[in-house]
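What follows is each chain in one-letter form.
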Amino acid sequence: MRTVLLTLALAAITVTTRAQAPHAADSLRAQANRMVHGLLIGDYNTFIHYIHPKVIQVSGGTDVLRQALQQMTRQFSETGISFQSVTLDSMSTIVKAGPTWQATIQQHTTMKMPQGRTVATTTLIAMSSDSGLHWRFVDTNHKTMEQVRQLLPNVSTALTIPAQQPPVHYDQ
């Protein structure tokens, strides 16, 4: 009898996790879009809200990070550079690593430059500690998985970061 109850409990947990995964994937994509939209419009409070707390911590805290983003935007503006768009695609399967749900999602950032535009493709690692309701992100731009794991040791070994490709420049 105890074996039957244990089997039923494990089956219920598996069904619950699988049932939440579609919701979690939609939530991940929506929150990633809100984060990049915040960056595009200069709403750094929204942008920072979605950044993984460990990244905020090593950046010196919320205020320091916000000031750095504002300074970067000013410097970009002074040199004729601006964010034009950020699109998201190619999300990995959501995996569970301990209490954390994790996935990766590809990000394409288009920058307006004085002579055309440049598109950079990077990978975001998404992490949720509440079964996919709320997500926080780590941009892996110019980082290996080993470097990411130095900051966040609990990143799943099931996640991969594609090799960084050089930005593509368009004369327009």
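Residues numbered from 1 in each chain as written. Predicted model: local features only at pLDDT ≥ 70, side-chain atom pairs only at ≥ 80, totals over all residues. Heavy atoms only, no water.

1. What about the overall build of the chain?
Point 1. For the chain, the count of helices and strands is five helices and six strands.
Point 2. Of all 172 residues assigned to the chain, the portion counted as buried reaches 35%.
Point 3. Considering only contacts in the chain between residues 6 or more positions apart, those separated by 24 or more positions represent 56%.
Point 4. Total accessible area computed for the chain in this model is approximately 10,200 Å², and 58% of it derives from carbon and sulfur atoms. (Helix = DSSP H or I, 4+ residues; strand = E, 2+ residues; numbered from the N terminus. Buried < 20%, exposed > 50% of the residue type's maximum accessible area, 1.4 Å probe, protein only. Contact = heavy atoms within 4.5 Å. Areas by Shrake-Rupley, 256 points an atom, 1.4 Å probe, with all protein chains shown as cover.)

2. Thoughts on the side chain of S27
Point 1. Examined against the element boundaries, S27 turns out to sit in helix α1 (residues 2-41).
Point 2. On the basis of relative accessibility, which here comes to 11%, the residue S27 falls in the buried class.
Point 3. Within the local environment of S27, its side chain forms a polar contact with the side chain of Q31, the two groups lying 2.6 Å apart.
Point 4. If sequence neighbours within four positions are ignored, S27 has contacts with G132, L133 and W135. (Polar contact = N/O pair within 3.5 Å; in protein donor to acceptor, adjacent residues only side chain to side chain.)

3. Structural notes on the confidence of the model for the chain
Point 1. Per-residue confidence for the chain gives a mean pLDDT of 88, with 88% of residues at or over 70.
Point 2. Here residues 1-20 scores under 50 on pLDDT; set against residues more than four positions off or in separate chains, the count is three contacts. (pLDDT = per-residue confidence, 0-100.)

4. Section: helix α4 (residues 62-78)
Point 1. Given a rise of 1.5 Å per residue, 17 residues ought to cover 24 Å, and the 24 Å separating the end C-alpha atoms of α4 matches this to within 8%.
Point 2. G80 occupies a position one or two residues after α4 and carries a positive phi of about 80 degrees. (Expected span 1.5 Å × (residues − 1).)

5. A short note on the nonpolar core
Point 1. Of all hydrophobic cores here, the largest spans 36 residues; its most connected members are I48, I125, W135, F137 and V155.
Point 2. Top contributing element to this core by residue count: α1, with seven residues.
Point 3. Discounting residues that sit within four places of it in the chain, I125 has contacts with A103, T104, R136, F137, V138, T140, M145, V148, V155, L159 and I161. (Core = buried A, V, L, I, M, F, W, Y, C linked by side-chain atoms within 4.5 Å.)

6. Re the pattern of salt bridges
Point 1. One pass over the structure, following the stated rule, counts one salt bridge.
Point 2. Here R66 makes a salt bridge to D63, at a shortest N to O gap of 2.9 Å. Here D63 and R66 lie together in helix α4, a separation of three residues that amounts to about one turn. (Salt bridge = Lys/Arg side-chain N within 4 Å of Asp/Glu carboxyl O.)

7. A short note on the layout of surface pockets
Point 1. Put simply, the largest pocket is a space of about 800 Å³.
Point 2. Together, 32 residues line the largest pocket, and L39, F47, Q107, D139 and N141 are the ones closest to its centre.
Point 3. Among the secondary structure elements, those contributing two or more residues to the lining of the largest pocket are α1, α3 (53-58), α4, β1 (82-91), β3 (100-113), β4 (116-128) and β5 (136-139).
Point 4. The biggest single contributor to the lining of the largest pocket is α4, with five residues.
Point 5. In terms of residue class, the lining of the largest pocket is made up of 22 nonpolar, eight polar and two charged. (1 Å grid on protein atoms, 1.4 Å probe; cavity = no way out; pocket = protein on both sides within 12 Å on 5 of 7 lines; lining within 4 Å. Points joined across faces, edges and corners; volume = space filled by probe spheres on them. Nonpolar A, V, L, I, M, F, W, Y, C, P; charged D, E, K, R; others polar.)

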